[in-house]
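# A closer look at the structure
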Amino acid sequence: MQATQPWEDGPSRQEEERDGRLRPNEMPSRRPGCRRGKRGRGVLFLVLAAAVFLGVLFSPVFSVTEITVDGESHYSEEEIRTFAGASVGMNLFAFSSHQAEENLCQQSYIKDATVEKVFPDQVHITVTERRVRGYIPYMGAYLYIDDEGRVLEIKSSYTEPLPLIKGLSFDEFTLGQVIETDNPEALDVMVRISQAMTKYDLLDLVVELDVSDPDQIKAYVNQVEINLGDISDYDAKIRTMAEIIREIPEQDRGTLDLSDLSKPLVFQYLT
C-alpha cells in the first residue's frame, strides 16, 4: 500500500484557519512572556518615576531657606507666614502658592496677596492690606471699617483718631464683609466722606460723622458742629472743613455751615 504524504492528509492548517474550522483552543499561542514583558517594563517605569518624585520631594536642595514678606502693616511677618502655611525647611514642590494666596485673602485685613516660589529654596509673599477708615459704635463696642464699609474687626475701644460714624441702620454684620444697611444711601455717604477725610489729612482729629439724614450730613470736631448739607461737592466741603477747623481753637464752641460753598462762610460762636 502506498504511503500517504503529510501534505495530502486533509486540508492544511492555513486552510482550516481560513475556513473557520480551527477551534479557539487550537489557535497558535503568542510567544510566551511577550505581554508580561511589556507590563513589567511599565511597572518598572512607574517605580522609577515614583522614586524620582520622592527624591525631589525630600531633597534638601529644595528645602525653603528664606521667606520674604512685603506690604504688611496690620499683621506681622510671622502672622503672614502662618496664614500662608509657609515655613523654613518645607519642600518647595510640596508648597502650593495658589492655596497660600487663598488662605491669605480669607483674612479680613488682606485685600490681595501674591505668593511666588523662587527656585530652588525661596518664597516671596506680597500682600495689600485694607486700612481702617472709621469706627461704627455698636452695642458698647466699635466696628472697625475700611473705605468700602467692610468690617475688619470689632473692639471694645479705639486708639487712632478716625471718624466715628453714626446714623447707619443695620441689624447684623459679617466680619470681613461690607455692612448691609437698611439705608444704603447713608453707607455710600459715609464711604465717600471717609475717603475725602483721608485725602485731606483729617485723620489726626476725632471727627464724629452723622449720616442718618443724607440731605443734612453733620460733622462734629472738638466743640464745633459742621453742617455739610447733602453729598454734592463733598470733596470741596471736606477740603474747606480741613482748612478752617485747624484755625479754630479747641475750646471754642460754635457752628459752621458748609452746605453751600457759594455763600460766605461764617463761624457762629456759642456761649
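Keep in mind the model is a prediction, meaning the values are calculated, not measured.

What follows deals with unusual backbone geometry. Backbone torsion omega between Phe119 and Pro120 reads 15°, so that peptide bond is classified as cis. Non-glycine residue Met139 carries a positive phi angle of around 50°. Inspection of the secondary structure assignment puts Met139 in the loop between strand S4 (134–138) and strand S5 (141–145). A residue is classified by how much of its surface remains accessible, and Met139, at 74% relative accessible area, is exposed. Phi at Asp233 is positive, roughly 55°, even though this residue is not glycine. Its place among the elements puts Asp233 in the loop between strand S10 (224–229) and helix H6 (234–245). A relative accessible area of 56% places Asp233 in the exposed class.

What follows deals with helix H3 (residues 77–84). Listed as buried for H3 are Ile80, Arg81 and Ala84. Projected down its long axis, H3 shows its buried positions confined to an angular sector of 100°, all on one face. Turned more than 90 degrees away from the buried face of H3 sit Glu78 and Thr82, all of them exposed.

The subject of this paragraph is the packing of aromatic side chains. Throughout the structure, instances matching the rule amount to nine aromatic pairs. A centroid spacing of 5.1 Å and a plane angle of 80° characterise the contact between Tyr75 and Phe83, whose relative ring orientation is edge-to-face. Its relative accessible area of 23% is what places Phe83 among the partly exposed residues. Pairwise contacts between aromatic rings join Tyr135, Tyr142, Tyr144 and Tyr158 into one cluster.

In this section: the packing of H3 against helix H4 (residues 97–105). As a packed pair, H3 and H4 sit with axes 7 Å apart at the nearest point and diverge in direction by 120°. Taken together, the axis directions place H3 and H4 in an arrangement best described as oblique. Facing H3, whose interface residues are Ile80, Phe83 and Ala84, H4 presents Ala100, Asn103 and Leu104. Taken together, the residues of the contact of H3 with H4 sort by class into five nonpolar, one polar and no charged.

This model, assessed by the stated rule, comprises twelve salt bridges. The partner of Lys237 in a salt bridge is Asp230, with the nearest N and O atoms 3.7 Å apart. Taking the relative accessible area as the measure of exposure, Lys237 reaches 2% and is therefore buried. Asp230 sits in the partly exposed class, given a relative accessible area of 33%. Its salt-bridge partner being Asp235, residue Arg239 comes within 3.9 Å of it at the nearest N-O pair. Note that Arg239 and Asp235 are positioned in helix H6 at a spacing of four residues, about one turn of the helix. Residue class for Arg239 comes out partly exposed when judged on its relative accessible area of 34%. Note on Asp235: relative accessible area 24%, which makes it partly exposed. Look at the salt bridges and you will find they share partners, linking Arg130, Asp146, Glu148 and Arg150 into a network.

Attention shifts here to the sheet that holds strand S3 (residues 122–129). Read from one edge to the other, the open sheet built from three strands follows the order S1-S3-S2, with strand pairing classed as mixed. The open sheet terminates on both sides in strands that have one partner only, identified here as strand S1 (66–70) and strand S2 (110–118). Looking at each pair of strands side by side, their axes are set apart by 15° on average, direction ignored. Where S1 meets S3, five bridges bridge the pair, whose relative direction is parallel. Bridging from a neighbouring strand, Thr68 pairs with His124 of S3. On the sheet, H3 packs against S1, S2 and S3 and is oriented at approximately 110° with respect to S1. Sheet strands in contact with H4 are S2 and S3, and its direction is about 160° off that of S2.

Analysis parameters
- Residues numbered from 1 in each chain as written.
- Predicted model: local features only at pLDDT ≥ 70, side-chain atom pairs only at ≥ 80, totals over all residues.
- Heavy atoms only, no water.
- Helix = DSSP H or I, 4+ residues; strand = E, 2+ residues; numbered from the N terminus.
- Buried < 20%, exposed > 50% of the residue type's maximum accessible area, 1.4 Å probe, protein only.
- Arc of directions from axis to C-beta.
- Phe/Tyr/Trp six-rings, centres within 6.5 Å; stacked < 30°, edge-to-face > 60°.
- Axes fitted to C-alpha atoms, helices over the stretch in contact; angles between N-to-C directions.
- Parallel < 35°, antiparallel > 145°, perpendicular 65-115°, else oblique.
- Contact = heavy atoms within 4.5 Å.
- Nonpolar A, V, L, I, M, F, W, Y, C, P; charged D, E, K, R; others polar.
- Salt bridge = Lys/Arg side-chain N within 4 Å of Asp/Glu carboxyl O.
- Pairing = 2+ DSSP bridges.

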